[in-house]
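Notes for the structure review
These are the residues of each chain, in order.
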Amino acid sequence: MCGIIGVTGAADALDILLDGLERLEYRGYDSAGVALVSPAGVDRVRIADGTHSVASLRGATEVLNGRSRSGVGHTRWATHGHPTEHNAHPHLDCSGRVALVHNGIIENHAELASRLTATGHILASDTDTEVLAHLIEEGLAAGDDLIAAVRSTLVEVRGAFALGVMSVDDPDLIVATRRISPLIVGLTDTASYLASDIPALLDRTRDLIALEDDQIAELRPGSVMVTDAQGAPATATVLRIDWDIDAAQKGGFKDFMSKEMADQPAAVRDTLRGRMGDDGMIALDQLDLSDDDLRLLTKVIVVACGSSFHAGLVAKYAFERWARIPVEVDIASEFRYRDPVLDATALVIGVSQSGETVDTLQAMRHARDDGARVVVVSNVVDSSMAREADGVLYTRAGPEIGVAATKTVLAQIAALELLALRLAQVRGEMTGEQVAVEFAELIRLESVLAETLGRAGDVAAVAAQLAHATDFFFLGRHAGFPTALEGALKLKEISYLHAEGYPGGELKHGPLAVIEPGCVVVAVATGGPLREKMLSNVSEVKSRGATVVLVLEDGDDEGAAVADYTFWVPASRDLQSPIKDIVPLQQFAYALAVGRGLDVDRPRNLAKTVTVE
Ligand code: F6R
């Protein structure tokens, strides 16, 4: 997830770009850049300064004030290539006459890059984006105008993109287009704008067009023309937006947590994007483990904290069933103190959204010092863990600002399941067809998640009924167990209510003693192998007077008969099930916390990244 902005026809173009980038920082902030375009050429400034990138860019571009009335800008959240200045956008072609900004992922960038370099292009970055500038350069060299060159480039690329493209040969023109990644065009009588999202433009115009997939917009000062992929005029409806800027920054949501929950289908989709090769093999290019390395492994150990630990627990079921390899999952802060038995045949996987959690980092260092192979699943490119590990598997959830992890957890599970499938393939534990079935189910989750998110109102209605409860138990079995742990953690963190997560079968070994009328038991009873046993465990608590809420798959009337309340979710295969079953538990925690008037984005006593032991 990155943020892009563009303007043509404004005397204060540079300010517009910088103000817009500030408002888009929530989409990424590891580097930022602008290019002002005039007949004299492209003035480009890029800065990689972490969270200060846009502020530093403002200082570094003062000299460019008034240099041009048109330009594009970008704030980056790295997915391909380190978060360095040379990978920051805008990117240029070989001649330096084409400048472009991009949000998305170009899946076939590697093959396009080798074709371009073989024909003499010099690629100056390690990004997936830069190939686009060179493909457009080829179109221009063949006599196309900028719009035709962009159109022919789109035919060649696979993946997701929102693009703003400019050329010195027609400096008043910005060509904007999108596929999957969002792009908004704004209009006034004298200027035209583009941005990834509405907040970047709201102080300049409230007349906006949301471009549709594969539409191409030709932005000139005071006019916008929209065509379809074939060049035929397309209908573009101008929307009048009356949000205030603060709401717009959160995409119209009240807080970042609800925005980030809504981002979950895209987070999972983007994490899977381009990771199934044309040969049917799961492709994890930065993992840096050869097929022989994977075959020689004798065990997998996942180390992580908090919600990332829960993602690791879900993954254990996938690694063991699919790849038939023993898995241990350890709380990172305990791992190195238990003197783990490690050698080069052990794969230690750190799971960390931030890639900075010190307990996980130290656990990975310990494993590396003991000779294990170490990889990390991280959402932050070039985080400390990503730099130190032998290999990396990035989740592509975009920045997560709410302290409670939501979209990154679902993306972690998806990423770990990809790794489990890869291991199963290489070790000959699954056939191509079996892997294809499981992968297709992961892909299907985008729409399953969208449907599940649409049921938030039903969950909130249950939360309203239970608003006075103070003791919550979350139960699950099999992959539903880590789902239950995650539900309990979410509730604790943001609502400050007492919540415990247990495996359903463990209740009778102690916890049943505290169950009494007034306790709420939320149990995950979706279609895993232990669903029936889970329902019996639920009957045990119900007969002790607890109020029972069940997470059930659509149509499970037998389960509903046991429940006082139900959270319905669409059916899915059991190992992918936690990715969608966690959602109503997030929604439940959210509704209870909001009902108690709490700030869900900044829960008391907690920090987003924990860098102390
Ligand atoms: C829970 C939460 C924390 C983190 C934990 C690990 O909502 O956010 O439990 O999951 O602090 O953080 P990372 O994944 O950054 O290592």
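This text goes with the structure placed above it.
This section reports on the structure supplied with the text. (Residues numbered from 1 in each chain as written. Predicted model: local features only at pLDDT ≥ 70, side-chain atom pairs only at ≥ 80, totals over all residues. Heavy atoms only, no water.)

**Examining the environment of Ile-515**
- Checked against the element boundaries, Ile-515 lands in the loop between β21 (498-503) and β22 (520-524).
- When its relative accessible area of 6% is taken as the criterion, Ile-515 is described as buried.
- For the pair Ile-515 and Thr-79, spaced 436 residues apart in sequence, the C-alpha separation works out to 47 Å.
- Setting aside residues no more than four positions away along its own chain, Ile-515 makes contact with Phe-473, Val-521, Val-541, Arg-544 and Ala-546. (Helix = DSSP H or I, 4+ residues; strand = E, 2+ residues; numbered from the N terminus. Buried < 20%, exposed > 50% of the residue type's maximum accessible area, 1.4 Å probe, protein only. Contact = heavy atoms within 4.5 Å.)

**Thoughts on the sheet that holds strand β1 (residues 3-8)**
- Pairing in this open sheet of eight strands is antiparallel, and the strands run β3-β2-β4-β1-β10-β9-β11-β14 from one edge to the other. In this open sheet, the two edge strands, each paired with only one partner strand, are β3 (41-47) and β14 (239-240).
- Sitting on the sheet, helix α2 (residues 53-60) is in contact with β2 (31-38), β3 and β4 (70-76), with an inclination near 135° to β3. (Pairing = 2+ DSSP bridges. Axes fitted to C-alpha atoms, helices over the stretch in contact; angles between N-to-C directions.)

**Let's talk about the packing of helix α14 (residues 407-426) against helix α20 (residues 577-595)**
- Two elements in contact, α14 and α20, have axes separated by 10 Å at closest approach and are oriented at 170°. When the axes of α14 and α20 are compared, the pair comes out roughly antiparallel. Every pair of crossing elements has a handedness; the one defined by α14 and α20 is right-handed. Along the contact surface, α14 presents Val-409, Leu-410, Ile-413 and Ala-414, while α20 presents Pro-578, Ile-579, Ile-582, Val-583 and Gln-586. (Parallel < 35°, antiparallel > 145°, perpendicular 65-115°, else oblique. Left-handed = near helix turned anticlockwise from the far one by under 90°.)

**As for the packing of aromatic side chains**
- For the structure shown, the criterion picks out four aromatic pairs.
- Ring centres of Tyr-29 and Trp-77 lie 5.4 Å apart, and the angle between their planes is 80°; this geometry places the pair in the edge-to-face category. Of this pair, Tyr-29 sits in the loop between α1 (13-24) and β2 while Trp-77 is found in the loop between β4 and β5 (91-92), placing the two residues 48 residues apart along the sequence.
- Measuring from centroid to centroid gives 5.9 Å for Phe-472 and Phe-588, while their planes differ by 70°, and the two rings are edge-to-face. One end of the pair, Phe-472, is in strand β20 (residues 471-476); the other, Phe-588, is in helix α20, with 116 residues separating them in the sequence. Of the two residues, Phe-472 and Phe-588, neither departs from the other in class, the shared state being buried.
- Three or more aromatic residues joined by ring pairs make a cluster, and in this case those are Phe-472, Phe-567 and Phe-588. (Phe/Tyr/Trp six-rings, centres within 6.5 Å; stacked < 30°, edge-to-face > 60°.)

**What to know about the pattern of salt bridges**
- This model, assessed by the stated rule, comprises 44 salt bridges.
- In this structure, Arg-67 engages Asp-43 in a salt bridge whose closest nitrogen and oxygen atoms are separated by 3.2 Å. Of this pair, Arg-67 sits in the loop between α2 and β4 while Asp-43 sits in strand β3, and the two are 24 residues apart along the sequence.
- For Asp-369, the salt bridge identified is with Arg-368, shortest N-O distance 4.0 Å. (Salt bridge = Lys/Arg side-chain N within 4 Å of Asp/Glu carboxyl O.)

**Quick word on the sheet that holds strand β6 (residues 98-106)**
- If you walk across this open sheet you meet the six strands as β5-β6-β7-β8-β12-β13, and the pairing is antiparallel. Lying at the two open borders of the sheet, with one neighbouring strand each, are β5 and β13 (223-227).
- Here four bridges tie strand β8 (residues 174-179) to strand β12 (residues 216-220), and the two strands are oriented antiparallel to one another. Residue pairing in the sheet places Thr-177 in a bridge with Ile-216 of β12.

**Let's talk about the pairing of strand β24 (residues 565-569)**
- Strand direction decides the pairing type here: strand β23 (residues 547-553) and β24, joined by five bridges, are parallel. Looking at the pairing, Val-549 lines up with Tyr-565 of β24.
- For the segment spanning β23, helix α19 (residues 557-562) and β24, crossover handedness is right-handed. (Right-handed = clockwise from strand over helix to strand, strands pointing away.)

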